[in-house]
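Chain and residue survey
What follows is each chain in one-letter form.
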Amino acid sequence: MAETERDPRTIELREPPVLAPGHSFASVTDKIGGIVLSRRTPRAWMAGFAVSFLLVMILQVAIAYLLARGVGIWGIGIPVGWGFAIVNFVWWIGIGHAGTLISAILLLMHQEWRTSINRFAEAMTLFAVACAGMFPLLHLGRPWYFYWLFPYPSTMGVWPQFRSPLVWDVFAVSTYATVSFMFWFVGLIPDLASLRDQARHWFPRGIYGMLAMGWRGSAIHWRRYEDAYRLLAGIATPLVVSVHSVVSLDFAVAILPGWHSTIFPPYFVAGAIYSGFAMVLTLAIPLRAVYHLEDFITPRHLQNMAKVLLATGLIVAYGYFMEALMAWYSGNRYEQFMMVNRVLGPYAWVFWAVMATNVLAVQACWSRRVRSSVPALFAVAMLVNVGMWLERFMIIVVGLHRDFLPSSWGMYYPTIWDWATLFGSIGLFLFLMILFVRLLPAISIFELRQLVAKPEYARSKT
Amino acid sequence: MTQKDARNKTWRSLDELAGTAEFQRFLEAEFPEPASGGTDPVSRRDLLKVMGASLTLAGMTACRTPAEKIVPYVRAPEDLVPGKPLFFATAMPMGGFAKGLLVESHLGRPTKVEGNPEHPASLGATDVFGQASVLTLYDPDRSQVVTRVGRLSSWMTFLAALNVAREEQHLKKGAGLRLLTGTVTSPTLAEQIRSLLAEFSSAKWHQFEPVSRDHARAGAHVAFGQDVNTIYRFDQAQVILDLEADFLGWGPANLRYVRDFTAGRRVGQGPVAMNRLYVVESCPSITGSMADHRLGLRAGEVESFARKVAQRLGVQDASPGSPGPHDQFAEAVARDLAQHRGASLVVAGDQQPPVVHALAHAINHTLGAEGRTVIHTDPVEAMPVDQMQSLRELVGDMQAGRVDLLVIVGGNPVFTAPRDLAFAEQLSKVKLRVHLGLYEDETSALCHWHIPEAHFLESWSDARAFDGTVTILQPLIAPLYGGRSAHELLAALAGKASLSGHDIVRDYWEKHGRWKIFEESWQVALHDGLVAGTRLPPKRVALRAGFLKESLPAQKPGRGLEIAFRPDPTIWDGSFANNGWLQEMPKPLTKLTWDNAALVSPATAQRLGLHNEAVVELRYRGASVRAPVWIMPGHADDSVTVQLGYGRTRAGRVGTGAGFNAYLLRTADEPWFSAGLEIRRTGDRYSLVSTQHHFSMESRNLIRAGTLGEFQKNPRFAQQVEESPPPGLTLYPGHPQEGYAWGMAIDLNACIGCGACVLACQAENNIPVVGKREAGRGRSMHWIRVDRYYEGPPEDPAIFHQPVPCMHCENAPCEVVCPVGATVHGSEGLNEMIYNRCVGTRYCSNNCPYKVRRFNFFEFADWTTPSLKAQRNPNVTVRSRGVMEKCTYCVQRINAAKIEAEKEDRKVRDGEIVTACQAVCPAQAIVFGDLSDPNSRLARLKADPRNYALLAGLNTRPRTTYLARLRNPNPEIRG
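Position numbers for residues start from 1 in each chain and track the written sequence from start to end. As a convention, the first chain written is A and the first ligand written is 1, with the rest following in written order. In keeping with the predicted nature of the model, local features appear solely for residues at pLDDT of at least 70, side-chain atom pairs appear and are counted solely at 80 or more, and the whole-chain, interface and lining totals rest on all residues.

What follows concerns the pairing of strand β10 (residues 276-281) of chain B. All names here are of chain B. Remark: C-beta atoms are placed from the backbone, and a residue is labelled buried if 20 or more other C-beta atoms sit within 10 Å of its own, exposed if 12 or fewer do, or partly exposed between those counts. Helix and strand labels come from DSSP, where a helix needs a run of H or I of at least four residues and a strand needs a run of E of at least two; each type is numbered from the N terminus. For β10, the buried fraction is high: six of the six residues fall into the buried class. Burial of the side chains of β10 extends over both faces: Arg276, Tyr278 and Val280 are buried on one face and Leu277, Val279 and Glu281 on the other. Paired strands, in this sense, are two strands between which DSSP finds at least two bridges. Pairing analysis gives four bridges linking β10 to strand β11 (residues 293-296), with the strands arranged parallel. The residue of β11 that forms the bridge with Glu281 is Gly296.

Between chain A and chain B, the contact holds 40 residues from the first and 41 residues from the second. With three residues, helix α7 (residues 165-198) of chain A is the largest single contributor of residues to the side of chain A that touches chain B. Each residue receives one of three labels: charged for Asp, Glu, Lys and Arg, nonpolar for Ala, Val, Leu, Ile, Met, Phe, Trp, Tyr, Cys and Pro, and polar for the others, Gly being one of them. Partitioning the side of chain A that touches chain B into residue classes produces 24 nonpolar, eleven polar and five charged. By definition, residue pairs are in contact when their C-beta atoms, positioned from the backbone, come within 7 Å.

A few words now on the nonpolar core. Nonpolar side chains tend to gather and get buried jointly when the protein is soluble and globular. By size, the foremost hydrophobic cluster in this structure holds 432 residues, and its most contacted members are A:Val280, B:Leu243 and B:Ala598. When sequence neighbours within four positions are dropped, the list of residues in contact with A:Val280 reads A:Ala98, A:Ile117, A:Ala121, A:Met124 and A:Met305. Note on terminology: a nonpolar core is any set of buried Ala, Val, Leu, Ile, Met, Phe, Trp, Tyr and Cys residues joined through C-beta atoms within 7 Å.

Residues and elements named next belong to chain A. With 27 residues, helix α3 (residues 43-69) extends 39 Å from end C-alpha to end C-alpha; this agrees with the ideal 39 Å at 1.5 Å per step. Those residues of α3 that are buried lie in contact with α6 (115-138) and α16 (416-439). One or two positions beyond α3, positive phi appears at Gly70, with a value near 120 degrees. Expected helix span is taken as 1.5 Å per residue step, with the number of steps being one fewer than the number of residues.

Right, let's talk about the domain arrangement of chain B for a bit. When the parts of a complex come together, some accessible area is lost, and that lost area is often used as the size of the interface. Residues and elements named next belong to chain B. Each assigned domain of chain B is listed here: domain 1 (3-60), domain 2 (61-207 + 384-512), domain 3 (229-377), domain 4 (558-690) and domain 5 (705-728 + 755-967). For each domain, the first and last residues come from an automatic or database assignment. Averaged C-alpha coordinates put domain 3 and domain 5 at centres separated by 34 Å. For the side of domain 3 that touches domain 5, the secondary structure elements donating two or more residues are α10 (254-263) and β11. Per-element accounting of the side of domain 3 that touches domain 5 gives the leading share, four residues, to α10. When its residues are assigned to classes, the side of domain 3 that touches domain 5 shows six nonpolar, three polar and three charged.

All names here are of chain B. Most of helix α26 (residues 756-764) sits inside the fold, with nine of its nine residues counted as buried. Ala756, Cys757, Val758, Leu759, Ala760, Cys761, Gln762, Ala763 and Glu764 are the residues of α26 that are buried. Positive backbone phi, approximately 55 degrees, marks Asn766, located one or two places after α26.

This part is about unusual backbone geometry. Residue A:Ile78 is joined to A:Pro79 through a cis peptide bond whose omega torsion reads 15 degrees. One can find A:Pro79 in the loop between α3 and α4 (84-95). For B:Leu123, which is not a glycine, the phi torsion comes out positive at approximately 50 degrees. In this structure, B:Leu123 sits in the loop between β3 (109-115) and α6 (128-137). Given 19 C-beta atoms within a 10 Å radius, B:Leu123 is considered partly exposed.

What follows covers the pairing of β3(B). Residue and element names in this part refer to chain B. Taken across its seven residues, β3 has six buried, putting it largely inside the fold. Bridge count for strand β2 (residues 97-106) against β3 is six bridges, and the pairing is antiparallel. Bridging from a neighbouring strand, His106 pairs with Arg109 of β3. Count of turn residues in the β2/β3 antiparallel hairpin: two residues, of which Leu107 carries a positive phi of about 45 degrees.

Residue and element names in this part refer to chain B. For Gln207, the position within the fold is in strand β7 (residues 204-207). Expressed as a C-alpha distance, the spacing of Gln207 and Arg217, which sit ten residues apart in the sequence, is 14 Å. If we skip the residues at most four places from it in the chain, Gln207 touches Thr181, Gly182, Thr183, Val184, Val385, Gln387 and Ser390.

All right, on to the sheet that holds β11(B) then. Within a beta sheet, neighbouring strands are joined by backbone hydrogen bonds and run either parallel or antiparallel to one another. Residues and elements named next belong to chain B. Pairing is parallel across the open sheet formed by four strands, whose spatial order is β11-β10-β9-β12. Across the chains shown, the open sheet's two edge strands, defined by having one partner strand only, are β11 and β12 (344-348). Here the strands of the sheet are splayed against their neighbours by 10 degrees on average, with no regard to which way each runs. Bridging between strand β9 (residues 239-243) and β10 involves five bridges; their strand directions are parallel. Looking at β10, one finds that Val239 is bridged to Arg276. Axes here refer to lines fitted to C-alpha atoms; in helices the fit is confined to the stretch in contact. Angles between the N-to-C directions go from 0 to 180 degrees.

In structure tokens, the structure reads:
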């Protein structure tokens with residue numbers, strides 16, 4: 001290879017590589033497959049498992065008590081009829097955006113750096129959507145009748161009320177969950193086959209073998225796989241935009257000041273990608289540290305994600321600004337009051353916390369030093385995670401607590417069960433994530449091998 | 001005996017032989033459980049079992065299994081059609097005075113109370129107490145069995161004990177017999193007491209009501225030299241001066257007065273005239289909220305104000321004292337009163353001292369009000385006495401050991417008697433104490449005998465209204481818990497225990513009714529709910545000359561903080577403390593539920609460094625009570641108002657422990673107010689629950705108000721402040737309109753904010769009680785609420801009330817967002833709620849700009865207590881957990897009327913459907929009807945220039961609209 005054209009060292013000077021030099025097909029497969037097939041479990045994994053399992057148990061108790069007593073165990077009331085449950089729902093759905101975006105959109109746009117992070121970002125999507133999907137069911141007064149939101153052939157001949165955005169939600173979220181799952185699973189098949197072939201014990205071999213669905217790696221398999229994967233990517237792409245747009249309509253369709261706003265769909269999508277990337281960073285950083293995957297999840301990935309974070313953060317900031325501007329410009333006294341109340345009212349601390357986390361903190365990513373500092377990025381990502389949760393709290397609770405008639409204004413005080421459900425859902429998410437890391441290849445093996453095969457990443461064996 | 005013992009000993013009996021192993025085996029095989037249980041030491045498990053069983057069995061004695069008949073009536077009761085309610089006329093006695101009722105009965109169960117339109121004190125309306133009485137009837141906490149010193153006993157055992165005491169008293173002509181009742185207006189009861197006193201010539205009868213009318217009686221006595229009952233004709237009055245008389249809020253005639261007063265404020269088509277109300281009071285009342293001019297004065301300063309007005313009107317010896325800051329106001333009021341001579345009146349509050357009443361009589365005399373706006377009659381009470389003095393005498397006799405047998409007929413004097421009389425302490429010196437009461441309360445705990453009292457809906461009785469009209473009270477149901485009425489207890493005391501309440505009342509009227517054909521008149525009286533011709537005739541009374549000078553020197557208001565006692569607007573003197581509906585009803589002005597508070601003005605709070613919910617120690621005349629503070633805009637400065645009735649210790653599961661006991665501060669000489677209160681901050685905090693936290697309208701035109709002058713200049717002033725979008729401006733096609741178009745109009749000019757609609761709705765629509773904690777989380781279930789707003793400076797704000805039921809929007813925001821179609825638009829314009837379909841997303845409530853939707857966050861409805869099931873309206877679903885609910889415009893009443901109309905092949909007539917809130921409203925502020933009928937009363941109101949829609953700019957097109965409030969200020973007075 002011509003030294004002048006592609007010197008990895010010069011690439012490294014300009015930008016860190018997508019894949020650390022020195023890897024071969026075998027080293028990639030061994031390294032990633034080894035995480036799953038190894039009998040040794042890192043201590044950090046055990047600790048994470050224990051904590052998240054405890055949180056899952058708390059979630060179980062919270063849900064059992066909820067089903068036994070009713071949604072009154074939460075702090076909701078009138079006027080604040082939606083509290084943590086819906087905040088959590090929107091937050092998790094938002095987090096679930098990055099996976100598909102990374103997998104589908106970046107795939108179609110030939111962004112090769114996505115390869116190392118797409119697998120666990122997709123898994124993250126799936127688990128976040130699972131966590132999100134739990135809340136609309138749990139928050140119902142009579143959760144056992146959730147299926148009434150589906151257009152099933154009821155003997156009574158009743159259908160859902162299609163004008164309601166909640167029905168749109170059902171379709172949007174269930175479609176998204178289905179497509180995300182298929183996309184993730186289809187992408188896993190070649191790797192499952194690798195694991196099957198690598199596994200020495202009969203049990204994992206059997207399980208991975210079943211899941212690999214007879215993948216033999218023949219050319220026709222690869223051909224079909226490529227078609228299916230790109231097709232799914234094509235289907236998933238509009239979903240990235242549609243899901244959070246539809247979720248945002250839950251609010252935009254309502255007449256409540258602070259909800260009734262046409263900017264919501266793009267603003268929610270940007271917010272979703274923003275929080276999704278923050279969560280990918282939050283997960284990727286410990287993952288690469290625990291499993292020593294710095295070769296595959298390189299500073300290049302972190303920097304790129306920081307840039308996406310910054311870009312979407314700016315869109316979100318623009319959304320905040322437009323909300324305020326439109327409230328003022330509309331001349332509508334309820335809108336204006338809503339904005340003043342948001343900034344100066346009893347929940348002003350939420351607004352200022354959102355400004356500090358979502359708008360200010362992310363500005364640090366302008367700095368190359370921050371972008372290349374792992375702890376700094378982790379801190380920014382954590383702040384954005386919190387900030388995006390608070391943003392949904394601001395929209396939902398602060399929007400509801402003071403609406404049109406001052407006589408019905410009220411406050412919202414979360415109960416211990418609200419917190420238990422929030423942290424329980426985080427626990428469930430981490431629990432699934434931790435299991436995933438242990439049981440399935442967290443990084444796409446075959447796609448990395450494709451990278452290795454490319455001349456710019458290949459390194460002559462020394 | 002263990003087996004080991006048996007082996008070592010020779011056995012003497014077969015019983016002992018039972019200890020052998022063989023026999024033991026046989027025994028266990030034959031009688032497995034008791035045998036082992038009988039010989040082994042009692043295990044913990046068995047002990048619990050036996051205890052549980054005996055508890056259950058003990059409970060069984062209180063069970064009253066209704067006789068179940070599965071055969072049809074051989075002779076059906078008259079007019080009884082299963083599924084159709086019957087209405088019976090009776091009356092609710094409160095403080096002795098009757099307010100007429102029509103009680104709805106479903107197959108023998110009274111479920112709902114309505115006012116009796118024929119009755120002068122009701123005119124079809126009821127107050128909150130009347131509405132809630134049906135819940136007290138079914139209260140599972142009512143006492144259910146005769147007890148003797150806390151142990152279960154029986155009526156027969158009681159009679160035996162009573163007879164012994166009777167015999168003893170016979171020997172000394174009843175010198176040791178005392179009877180303590182409330183105010184008695186019942187002719188039958190009075191006759192019974194009179195004959196008892198004839199039998200026991202040395203016995204004494206005492207009367208005591210904690211919320212007494214002593215001062216009014218004493219004032220009349222001073223002015224006229226005799227006991228006189230005064231009736232005000234507010235409908236005839238154009239100018240009214242109210243001296244701390246909350247005449248719209250309480251008193252035997254308040255419902256009548258509300259009707260009369262609002263009649264004088266109705267502005268319709270034609271000549272526009274409105275009465276003018278001046279209110280001088282310390283603590284804002286609902287009457288004060290209706291005032292055109294309200295002056296916040298300490299209760300002790302009202303007298304000098306009254307003297308000033310009196311002096312300017314030419315009342316002799318008024319001795320107005322030195323000039324003060326309110327002289328101009330007094331001057332203007334006096335001039336206005338004088339200008340409307342013959343059409344003006346002054347009314348003084350029962351808590352004002354006798355001199356203020358006397359001054360009011362004198363002013364009314366000079367205004368020529370007598371016979372026109374003020375009518376005097378003989379007293380309504382069977383025996384008017386100074387009740388505080390009466391109680392004092394009783395306590396004196398008890399202390400001296402002169403009382404052997406005390407019979408307390410109703411009431412709870414241990415709780416309500418003034419502290420300084422030490423009633424409870426002296427009560428223990430009485431040899432035999434008998435208490436008749438609805439509950440086992442504080443008094444029954446200190447009595448030897450407690451007799452469960454029959455509720456007024458369970459018993460025969462009679463009572464007089466404020467004008468003397470007698471109503472014969474008929475029971476709607478047999479006593480649920482075997483209670484006895486006062487008549488039956490007195491009959492027992494007279495040795496005639498065999499007489500039933502029915503016989504006693506009937507006998508009285510047979511003897512004293514002076515009816516030509518008794519049976520017919522009796523039936524008519526029962527049917528009409530009143531005895532014709534029993535109204536007291538007007539009486540001319542002459543004012544005593546110079547009475548002001550001779551007996552009543554002007555009092556100087558005391559220095560320091562003043563304490564004022566008021567009956568609680570919802571639980572009254574404490575007797576309704578165990579009524580969940582009343583406890584949960586937001587108090588008209590503070591909107592507090594489940595608690596009372598020490599009410600102070602904003603300025604006083606600031607001066608003393610107090611804030612809402614701060615616990616203070618109230619020290620007054622050596623007693624002290626800890627109470628939370630609530631800041632009351634419009635309250636007089638340097639004055640603290642406390643409401644009586646809370647702090648019950650033995651009220652029942654609902655009322656025990658709520659609030660603080662203000663009776664602990666009350667003394668016999670100054671039962672209503674006095675200076676000398678000290679406040680000490682404790683630094684503690686006590687959480688109070690108010691259903692409305694925000695008082696300001698934030699300049700949102702929610703309640704549109706103007707003066708009479710503004711209205712005359714521009715009748716459409718209310719409609720011009722907010723633009724409503726043109727009809728048809730919606731994405732969705734309009735709803736097909738078929739037949740009727742239901743709607744409602746609420747006249748804010750009439751609404752006094754009493755909250756009776758809230759309770760009427762609760763009773764009609766099976767609305768559950770949620771408790772203080774849930775109410776604090778914004779989970780009250782009331783389908784209609786009364787919003788209260790303040791406008792202007794906090795020391796003297798204008799107060800507005802706005803009842804808010806569901807608006808039944810034509811473009812209902814709730815309907816489009818429901819994912820399952822559980823709230824839909826009916827063809828007649830009703831916004832309908834389908835409970836069975838609701839999954840409980842609460843999206844509809846979030847999207848309701850009026851926030852009238854209520855959600856069952858828990859299983860709020862009581863599905864288990866049997867007695868409460870009987871109270872429910874069978875035509876309204878009892879909602880379960882997790883469903884949304886809201887006002888339906890009483891759809892069950894609409895459908896009942898439609899079915900009747902269809903049977904007769906006609907349209908529903910205007911006024912045929914009356915919603916529960918409309919029916920109860922004493923001010924007739926709520927009108928329901930058919931908009932499609934241009935001649936309906938509703939359609940006329942909707943065409944009224946004052947008619948406006950709440951939040952019209954949102955394009956919800958509500959079917960419920962409001963008529964703007966008007967005020968009629970005196971141009972001479974600024975502000």
